[in-house]
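What follows is each chain in one-letter form.
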Amino acid sequence: MANVTVIGAQWGDEGKGKIVDWLASRADAVVRFQGGHNAGHTLVVGDQVYKLSLLPSGIVTGTLSIIGNGVVLDPWALKAEIEKLTAQGVEIDADNFAIADNCPLILPLHRDLDGLREQAAGAGKIGTTGRGIGPAYEDKVGRRAIRVCDLAHLDALDSQLDRLCAHHDALRAGFGQPPVDREALINELREIAPYVLQFAQPVWKRLNQVRKAGARILFEGAQGVLLDVDHGTYPFVTSSNTVSGTAASGSGLGPSSTGFVLGIVKAYTTRVGSGPFPTELEDEVGQRLGERGHEFGTVTGRKRRCGWFDAVLVRQSCAISGVTGIALTKVDVLDGMEKVKICTGYRLRGKVLDYFPSHAADQAEVEPIYEEMDGWAGTTAGARSWADLPAQAIKYIQRVQELIETPVALVSTSPEREDTILVRDPFVD
Ligand code: GDP
Ligand code: IMO
Ligand code: MG
């Protein structure tokens, strides 16, 4: 298997960016295939910290980086992110960066609608990143999106805008908002069009060429399986399919290209935004995980909710996404804890479950069944080989892999790129 598909196996922020960056130097292309700038992927290389939301993490190593058709693209966010990274010394040009020309755009009206809906929902809000992701995907499947290729045909935009604005003006009126300012929108698009178009191409074609030449492709998922619009904690999810299969449909390569599916798994659990979270800890242990793990959102700065490792959820994610092996991250955050707990099942109204039920009310009601293990006194932080790990930390890792029924391929022991233990090479297996 020459290719690797990286996906988050929990509620996002598992450390996908770090692992993609670590693998990127051995890949010939890195491809984002879903989501948008709701993602926040952090890379730490020496004293440099890179935060990427829309650009594939491969851009930092100079690897060919591609935004696939499955992504929703905010052109202004793209420009700002390229400028930010360029200022950090990263080279980005039409040779090492491409955008699918059939990629739908996120427009200011999508951000407006995201905000209006969240505001109106009050306590029932989803807790979105406010980036307009959901409304942009709705317009894509509603067949009224403006896409990257439309930027080369702005003279023909009028009839497309008729469809788009008829829909949005009705929604906006419901929120007491004025209709879309079409003139302003066209002017903004006219201004940004050449910038986006310099990178636009049919990337399915480029990727198929790359594949035929025997190159290694690294697919970079955003969010996590539990935020998947079908398999996640619906309706508290994002609006795309975050599972591994989307790598094929979101890039223009067939399912046989997915290769080794590497699930990124945090050694405990976090979630940002609303929705059920069975192992959430609202006590000082949760507080400690948050502090030691620096659990604040990369995109919105929000505090992430923290809890014990939930083996039921991760086993389910690995099954649904066909995970070949996992990268277990942030093991070092558990260093020095006297006891650690793992959720091995749920109790729901007197019954024991070995899976996470689909209904929101059941998801909110399940009570975790825990297994307790001794913690470890030594440190895993910065370990680069299995031999550097305390025996009890190895026991924890082994118990995790047993419970999730999926082998460990990598272990990450700090934010730094090189603090990574290779157990099984995803590019070779
Ligand atoms: P992503 O969205 O999955 O790419 O993850 P984020 O970048 O949003 O969040 C992961 C955070 O954990 C980032 O701040 C990383 O630098 C950091 N991180 C990644 N791996 C490790 C690790 O093994 N140990 C520690 N302590 N931090 C890590
Ligand atoms: P990365 O790629 C964690 C969450 C939001 C909210 C829900 C819907 O960094 O792991 P959206 O704006 O997508 O409509 O919000 O999804 N969410 C994430 N949580 N990591 C992410 O990305 C996320 N992207 C979206 O907090 O609960
Ligand atoms: Mg993140």
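About the cut-offs
- Residues numbered from 1 in each chain as written.
- Chains lettered and ligands numbered in written order.
- Predicted model: local features only at pLDDT ≥ 70, side-chain atom pairs only at ≥ 80, totals over all residues.
- Heavy atoms only, no water.
- UniProt positions renumbered as here; feature names shortened; annotations may be inferred.
- Salt bridge = Lys/Arg side-chain N within 4 Å of Asp/Glu carboxyl O.
- Buried < 20%, exposed > 50% of the residue type's maximum accessible area, 1.4 Å probe, protein only.
- Helix = DSSP H or I, 4+ residues; strand = E, 2+ residues; numbered from the N terminus.
- Donors = N, O, S within 2.8 Å, 3.2 Å for Na, K, Ca; no water.
- 1 Å grid on protein atoms, 1.4 Å probe; cavity = no way out; pocket = protein on both sides within 12 Å on 5 of 7 lines; lining within 4 Å.
- Points joined across faces, edges and corners; volume = space filled by probe spheres on them.
- Nonpolar A, V, L, I, M, F, W, Y, C, P; charged D, E, K, R; others polar.
- Domains from an automatic or database assignment.

An unreviewed UniProt entry lists the protein under the name Adenylosuccinate synthetase, from Novosphingobium taihuense. UniProt's Sequence similarities (unreviewed entry) comment on the protein is quoted here verbatim: "Belongs to the adenylosuccinate synthetase family." Note on the protein: under the UniProt heading Catalytic activity (unreviewed entry), the record states "IMP + L-aspartate + GTP = N(6)-(1,2-dicarboxyethyl)-AMP + GDP + phosphate + 2 H(+)".

Engineer: How do you make sense of the pattern of salt bridges when you look at a structure like this?
Structural biologist: Close approach of charged atoms allows side chains of opposite charge to pair. Taken as a whole and assessed by the stated rule, the structure comprises 20 salt bridges. Residues Asp139 and Arg144 are paired through a salt bridge, measuring 2.6 Å at the closest nitrogen-oxygen approach. Here the two residues Asp139 and Arg144 agree in accessibility, since each one is buried. We note a salt bridge from Arg182 to Asp158, for which the minimum N-O separation is 3.1 Å. Within this pair, whereas Arg182 is found in helix H6 (residues 182–197), its partner Asp158 is found in helix H5 (residues 157–174), the two being separated by 24 residues in sequence. Looking at Asp158, the relative accessible area reads 47%, which means it is partly exposed. Among the charged side chains, a network of salt bridges with common partners joins Asp13, Lys266, Glu295, Arg304 and Lys330.

Engineer: Any chance you could explain the coordination of the magnesium ion (ligand 3) here in plain terms?
Structural biologist: Tetrahedral coordination by four donors puts the ideal angle at the metal at 109.5 degrees, and octahedral coordination by six puts it at 90 or 180 degrees. Donor atoms from the polypeptide that coordinate the magnesium ion (ligand 3) comprise Asp13 (OD) and Gly40 (O), at 2.0 to 2.2 Å from the metal. Here Asp13, found in the loop between strand S1 (4–8) and helix H1 (16–24), pairs with Gly40, found in the loop between strand S2 (29–32) and strand S3 (41–45); they are 27 residues apart in sequence, far enough to count as distant. Comparing Asp13 with Gly40, the two get one shared label, buried.

Engineer: Whenever I open this one, the layout of surface pockets confuses me. Can you help?
Structural biologist: Gaps left between atoms are located by rolling a probe of water-molecule size over the structure's atoms. Looking at the largest pocket, its volume works out to about 730 Å³. Among the secondary structure elements, those contributing two or more residues to the lining of the largest pocket are helix H3 (108–121) and helix H4 (133–141). Ranked by the residues each element gives to the lining of the largest pocket, the list is headed by H4, at 4 residues. For the lining of the largest pocket, a count of residues per class yields 13 nonpolar, 17 polar and 10 charged. The calculated volume of the second largest pocket comes to roughly 540 Å³. Looking at the second largest pocket, it is lined by 26 residues, and the ones nearest its centre are Thr42, Gly293, Arg304, Lys330 and Pro415. Sorting the residues of the lining of the second largest pocket by element identifies H1 and S3 as the ones contributing at least two each. Here the lining of the second largest pocket is composed, by residue class, of 4 nonpolar, 13 polar and 9 charged. When residues of the lining of the second largest pocket are assigned to domains, at least three map to each of domain 1 (4–102 + 199–260) and domain 3 (265–422).

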